[in-house]
Amino acid sequence: MKSPLLHYAAVSNARTFLIDALRHVIDGGDITNGELDAAIAQPIELRGAQRKAWYGLSYWADDEDIRAKDPAYGPSRRRQLVDLLANLEKEDG
């Protein structure tokens, strides 16, 4: 499924993008490293829950081959993304 998230590259802040990207993946969507890079050019500048969320999404994008081989891996990673989303939503925007 092609992600609808690329439009964030020029129009949104990192926190908003990360929240929407996490929700997208949690709801069964996907994201690529290219989409992450296009939306957040300098992830090294992220802090706290935003940084953790970016890394969680990056790991998701990197692990496509593992999810294809292990049917339990995807649901397990999505549960971790739920926790990252909850922490990000608690953090002040």
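Our subject is the structure that appears above.
Everything in this summary refers to the structure shown in the same document. Counting restarts for each chain: residues are numbered from 1 in the order of the written sequence. For this predicted model, a pLDDT threshold of at least 70 governs which residues receive local features, and a threshold of 80 or more governs which side-chain atom pairs are given and counted, while totals over whole chains, interfaces and linings are taken from all residues. To get the side-chain values, all heavy atoms of the structure are used, and hydrogens and water are removed first.

This part takes up helix H2 (residues 14-26). Elements are defined by DSSP. Helices are runs of H or I of four residues or more, strands are runs of E of two residues or more, and each kind is numbered from the N terminus. Helix span is expected to be 1.5 Å times the residue number reduced by one. Taking 1.5 Å of rise per residue, the 13 residues of H2 would be expected to cover 18 Å, and the 18 Å separating its terminal C-alpha atoms lies within 8% of that figure. Where H2 terminates, the next one or two residues include Gly28, which has phi positive at roughly 105°.

A few words now on the packing of H2 against helix H4 (residues 48-62). Remark: H2 packs on H4, axes separated minimally by 10 Å, with the N-to-C direction vectors making an angle of 40°. For the element pair H2 / H4, the angle class is oblique. The element H2 and its partner H4 pack so that their crossing is left-handed. Contacts from Ala14, Arg15, Leu18, Ala21, Leu22 and Val25 of H2 reach H4 at Gln50, Ala53, Trp54, Leu57 and Trp60. Considering only residue class, the contact of H2 with H4 consists of nine nonpolar, one polar and one charged. Only C-alpha atoms enter the line fits that serve as axes; for helices the fit covers just the stretch in contact. Angles between N-to-C directions range over 0 to 180 degrees. For this classification, under 35 degrees means roughly parallel, over 145 means roughly antiparallel, 65 to 115 means roughly perpendicular, and everything else is oblique. Helix crossings are classified by the rotation of the near helix relative to the far one: an anticlockwise turn of less than a right angle makes the crossing left-handed, while a clockwise turn makes it right-handed. The criterion used for residue contact is that any of the two residues' heavy atoms lie within 4.5 Å. Under the scheme applied here, ten amino acids are nonpolar (Ala, Val, Leu, Ile, Met, Phe, Trp, Tyr, Cys and Pro), four are charged (Asp, Glu, Lys and Arg), and all others, including Gly, are polar.

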